[in-house]
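For reference, the chains in residue letters:
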Amino acid sequence: MLPETTPEDDGRTAPPARDRRQADRVALRADLRAALPDATAAVVVTAAVFAFFWARMESGDSATVAVMPFMDDAGTYWMYLLSQAFGWSGLLWAWGTVMLGLLLSGPRPARLPVSRQVLERWHRTTSLTTMALMFAHALMFAAELVRYEAQLAWAERLWAGFADTFVPGWYDSGTGRIAIPLGQGALYLAVPLGLLFYVRHRIGANTWRRLHRFVIVVYVLSVWHTLLYGTNVWYGERPRTLLWLLQLPVAVLLLLRLLRPARRAERLGAPRRDQGASLPGWVVRAVGRVAAVAVVVGLIVVVASGRDGGRERPAEPPATSPHAHEPE
């Protein structure tokens, strides 16, 4: 979620180790301060989404209630609604920070509305905000599970909510068996991959750059988690189609970034037979470009055909609970 630029890239002399550690701490504090307006906007968006979900539930038009009719009580399930709201704002911020990252690391646009330094700062602050929103999404989901397990003692309720939310493989109900580990994977990858930017001089710029490429995996897991478990896009209707459509510009920018990367070392030239070490890297980069083309084509086919994995809305919705443990 962070731009692939370091002092080593532009030929400047790196500061001594002590100064690097101090600069890292200062950079993180500065970015946290700079992220306050961004985080405030995220809270406002989350509040608006929460109000929208509440109004839909009160009016009887909630897709969540269509999936789980017993949840037709906004006053009781407000923590679940808030978890959904944080999840959607988190996905929106993740989309934005990934778009900024791909824009910065791909072909350099001839004109930018703001300076590159401003875009890099936005990329970093939206990354920090995204991590906070993802954690808030998980925390409110855990709080709802604690409230739901009212038949247990408090210690057992707290453990059940924590384990089902944060321990991979613990949640054992329905689609959540797959969807929740995907979300956990996104969260557990997002935090270290995002914060490694601030210690890049300690681990080495090349190491950080290689690890940073896996940020796209975080985003893919987040979208996959939403498509599987997001009751607001559960059915094959317009909201789900819109979610698929939003992935098209990400895929296109990713393809452009792979075809014309900003760093010369990542450009795909002819394979060098006289240098065996370069051939595997060339193959990986070539496969990545082919895969990106396939993703773009696949997204177009999904949206055009309407076969997006959405469920059919049943005539009589099932009265299943969000967390009904199934017997062994």
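From a predicted model like this one, the values you see are computed outputs, not experimental measurements. (Residues numbered from 1 in each chain as written. Predicted model: local features only at pLDDT ≥ 70, side-chain atom pairs only at ≥ 80, totals over all residues. Heavy atoms only, no water.)

### Details of the overall build of the protein
Secondary structure summary: the protein contains eleven helices and zero strands in total. Considering the protein as a whole, with its 328 residues, one finds that 42% of them fall into the buried category. Considering only residue pairs separated by 6 or more positions, the protein has 75% of its internal contacts joining residues 24 or more positions apart. (Helix = DSSP H or I, 4+ residues; strand = E, 2+ residues; numbered from the N terminus. Buried < 20%, exposed > 50% of the residue type's maximum accessible area, 1.4 Å probe, protein only. Contact = heavy atoms within 4.5 Å.)

### Focus on the packing of helix α4 (residues 116–148) against helix α6 (residues 176–195)
Where α4 contacts α6, the two axes come as close as 10 Å, and the packing angle between them is 145°. The two elements α4 and α6 cross, and the hand of that crossing is left-handed. Mapping the contact onto sequence places Ser127, Leu128, Met131, Met134, Phe135, Ala138 and Phe141 in α4 and Ile180, Ala186, Leu187, Ala190, Val191, Gly194 and Leu195 in α6. (Axes fitted to C-alpha atoms, helices over the stretch in contact; angles between N-to-C directions. Left-handed = near helix turned anticlockwise from the far one by under 90°.)

### Some words on helix α5 (residues 154–166)
In this model, α5 (13 residues) spans 18 Å end to end at C-alpha, consistent with the 18 Å of a helix rising 1.5 Å per residue. Every buried residue belonging to α5 is among Arg157, Ala160, Gly161, Ala163, Asp164, Thr165 and Phe166, and all of these are buried. Buried residues along α5 sit against α4 and α6. (Expected span 1.5 Å × (residues − 1).)

### Here's the deal with the packing of aromatic side chains
This model, assessed by the stated rule, comprises eleven aromatic pairs. In this structure an aromatic cluster arises from ring pairing among Phe135, Trp159, Phe162, Phe166 and Trp170. Against the face of Trp154 rests Arg157, its NZ or CZ located 4.2 Å from the ring centre. Here Arg200 stacks its cationic end above the ring of Phe197, 4.1 Å away from the centre of that ring. (Phe/Tyr/Trp six-rings, centres within 6.5 Å; stacked < 30°, edge-to-face > 60°. Lys NZ or Arg CZ within 6 Å of the ring centre and 35° of its normal.)

### A short note on the nonpolar core
Note on soluble globular proteins: their nonpolar side chains tend to be buried together. The biggest cluster of nonpolar side chains holds 19 residues, and the ones touching the most others in it are Tyr219 and Val250. Elements represented by at least two residues in this core include exactly α3 (78–105), α9 (215–229), α10 (238–259) and α11 (278–305). Per-element tally for this core: the top contributor is α10, with six residues. Formed by 18 residues, the second largest nonpolar core is a distinct cluster that contains Met131, Met134, Tyr198 and Leu221. (Core = buried A, V, L, I, M, F, W, Y, C linked by side-chain atoms within 4.5 Å.)

### Some thoughts on the environment of Leu91
With respect to the helices and strands, the residue Leu91 is situated in helix α3. Each C-alpha atom of the pair Leu91 and Met134 lies 8.2 Å from the other, and the pair is 43 residues apart in sequence. In contact with Leu91, other than residues within four places in its own chain, are Tyr219, Ser222, Val223, Thr226 and Leu243.

### Looking at the environment of Ile300
Mapped onto the elements of the fold, Ile300 is located in helix α11. Residue Ile300 is classed as partly exposed on the basis of its relative accessible area of 46%. When the C-alpha atoms of Ile300 and Leu245 are compared, they prove to be 8.3 Å apart, with 55 residues separating the residues in sequence.

### Points about the environment of Leu128
Position of Leu128 relative to the elements: it lies in helix α4. Along the backbone, Leu128 and Thr97 are 31 residues apart, and their C-alpha atoms lie at a distance of 9.5 Å. Apart from residues lying up to four places away in sequence, Leu128 is in contact with Asp31, Leu32, Leu195 and Tyr198.

### Description of the pattern of salt bridges
All chains considered together, the criterion is met by four salt bridges. Put simply, Arg116 and Glu120 hold a salt bridge, and the shortest N to O gap is 3.4 Å. Residue Arg116 and its partner Glu120 are located together in helix α4, separated by four residues, close to a single helical turn. By relative accessible area, which is 12% here, Glu120 ends up buried. Across the salt bridge formed by Glu144 and Arg147, the nearest N and O atoms sit 2.7 Å from each other. Of the two residues, Glu144 and Arg147 both sit in helix α4, three residues apart, roughly one turn of that helix. (Salt bridge = Lys/Arg side-chain N within 4 Å of Asp/Glu carboxyl O.)

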